[in-house]
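# Summary of structural features
Below are the chains, spelled out letter by letter.
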Amino acid sequence: MQAQIIDGKILSAQVKAEAAAETAALKEKGVTPCLAVILVGEDPASQVYVRGKAKDCHDCGIDSRVIRLPEETTQAELLKLVGELAADKAVNGILVQLPLPAQIDEKAVIDAIPPEKDVDGFSPVNVGRMQIGEPCFLPCTPAGCIRMIESTGTPIEGKRAVVIGRSNIVGKPAALLLLAKNATVTICHSRTANLKELCSSADILVAAVGKAGFVTGDMIKPGAVVIDVGINRGEDGKLHGDVDFAAACEKASYITPVPGGVGLMTRAMLMKNTVQAAARQNGL
Ligand code: GUN
C-alpha cells in the first residue's frame, strides 16, 4: 500500500479562505479582526513562526500587531504589556509565542490573557471548557489535526486512536478532541511500556513526540491514518517529522508530510480563532 498524502498546503489554504471570507463579512459590519503577537527574545524558530502568523493575517485581511521584546524582558514588563492588550478594544486575539526566556513564568503569562482573547486556547478557562465540551477556543494544532483526519473522509467515530505525547499544547488536547469525536483514545508517553504494540493497534495515530523518526514502520497498522505533528530540525538543516515518512507510506492509508503538513494547519486555525474572537467580542 502507498499512502495518500494529506496536503497541508491545500487544506490550510481552504481554511484560510474561510477565515478571509468571514473577515470580509465582519468588515462589512464595521469590525476588523486584530491579532496581537508577542515575541520575547531571538529564538530562530519562534521568529519564523511569528513572521508566518503576520503573513497569514495579511492574507486573510486580519490586522496584526507584532510586538518584539528583548530577551532580558522581565515578567512584570511582559505582564504589563499583556494587560494593556487585554484592555485594548481594538485587539481581539493575544498570542504570546512560546517558549519564553527562563526568567518568565509561562503559566503566569498565559493566565493573564483573558479567555475571550486567548486564541491559542491555552488558558485554564478554555482548557476546562474544551474538556466539558462547551464553546471555547480550541488549541490550533490539535484542531488542525482533526481537520486533517476529517479531510480524508475516514470517520473518527468508533476508531481506535493513539496519541503519542502528553503535552498541554498538543497531546492532551488532541486526545480530548478525538474522544469528543467518539474515538477510543489511548495516550502514550515516555513511560509507556508496550508502545509498539499500542501504536500498531491504532486506526488513527497522532505523533507529537519531538523526536525525528521516532515512529517506525513496524509501529503502524496497515491502513492507519497517520498525523505527524513533529517539527524537528535535523543536522542536515532540514525539517523532519516524528514519523519515518518513507516507511510509514508503505503502511498507512493517509499521512501528513513534514514540512507542508500540520504546521500549516496550526497557522490557519489561528486565523479562524482570531475571526471568531472578533465576532464574539462584537456580539456577532
Ligand atoms: N510555540 C510553538 N507552538 C506554539 C503555539 O501554538 N502557540 C504559541 N503561543 N507558541 C507556540
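Provided above is the structure to which this section pertains.
So, a few notes on the structure that sits alongside this text. (Residues numbered from 1 in each chain as written. Predicted model: local features only at pLDDT ≥ 70, side-chain atom pairs only at ≥ 80, totals over all residues. Heavy atoms only, no water.)

A general trend in soluble globular proteins is that nonpolar side chains are found buried together. Grouped together as the largest cluster of nonpolar side chains are 50 residues, with contacts concentrated most on Leu 35, Leu 178, Ile 204, Ile 227, Val 229 and Met 271. Ranked by the residues each element gives to this core, the list is headed by helix 10 (residues 262-281), at 10 residues. (Core = buried A, V, L, I, M, F, W, Y, C linked by side-chain atoms within 4.5 Å. Buried < 20%, exposed > 50% of the residue type's maximum accessible area, 1.4 Å probe, protein only. Helix = DSSP H or I, 4+ residues; strand = E, 2+ residues; numbered from the N terminus.)

All right, on to a nonpolar patch on the surface then. Taken together, the side chains of Val 48, Tyr 49 and Ile 231 present a nonpolar region at the surface, about 250 Å² in accessible area. Inspection of the secondary structure puts Val 48 in helix 2 (residues 44-60). (Patch = residues over 30% accessible without salt bridge, like charges linked within 9 Å, V, L, I, M, F, W, Y side chains within 5 Å. Areas by Shrake-Rupley, 256 points an atom, 1.4 Å probe, with all protein chains shown as cover. Salt bridge = Lys/Arg side-chain N within 4 Å of Asp/Glu carboxyl O.)

Pairing is parallel across the open sheet formed by 3 strands, whose spatial order is 3-2-4. Pairing within the sheet leaves two strands with one partner each, and these edge strands are strand 3 (63-69) and strand 4 (93-96). This sheet shows a mean twist of 15 degrees between the axes of neighbouring strands, independent of strand direction. Bridge analysis of strand 2 (residues 34-40) against strand 4 gives 4 bridges, and the strand direction is parallel. Counted as the bridge partner of Ile 38 is Val 96 from strand 4. (Pairing = 2+ DSSP bridges. Axes fitted to C-alpha atoms, helices over the stretch in contact; angles between N-to-C directions.)

All right, on to unusual backbone geometry then. Between Leu 98 and the following residue, Pro 99, the backbone shows a cis peptide bond with an omega angle of 0 degrees. With a phi angle near 70 degrees, Asn 182 is a residue other than glycine that sits in the positive phi range. As for its placement among the helices and strands, Asn 182 is situated in the loop between helix 7 (171-180) and strand 6 (184-188).

Turning our eyes to something else, we now look at the layout of surface pockets. Space inside the largest pocket adds up to approximately 1200 Å³. In terms of lining, the largest pocket is formed by 46 residues, of which the most central are Tyr 49, Thr 141, Ile 231, Gly 263 and Thr 266. The element that contributes the greatest number of residues to the lining of the largest pocket is helix 2, accounting for 7 residues. By residue class, the composition of the lining of the largest pocket is 25 nonpolar, 13 polar and 8 charged. Here the second largest pocket is characterised by a volume of approximately 370 Å³. Mapped by element, the contributors of at least two residues to the lining of the second largest pocket are helix 4 (106-112), helix 5 (124-131) and helix 7. (1 Å grid on protein atoms, 1.4 Å probe; cavity = no way out; pocket = protein on both sides within 12 Å on 5 of 7 lines; lining within 4 Å. Points joined across faces, edges and corners; volume = space filled by probe spheres on them. Nonpolar A, V, L, I, M, F, W, Y, C, P; charged D, E, K, R; others polar.)

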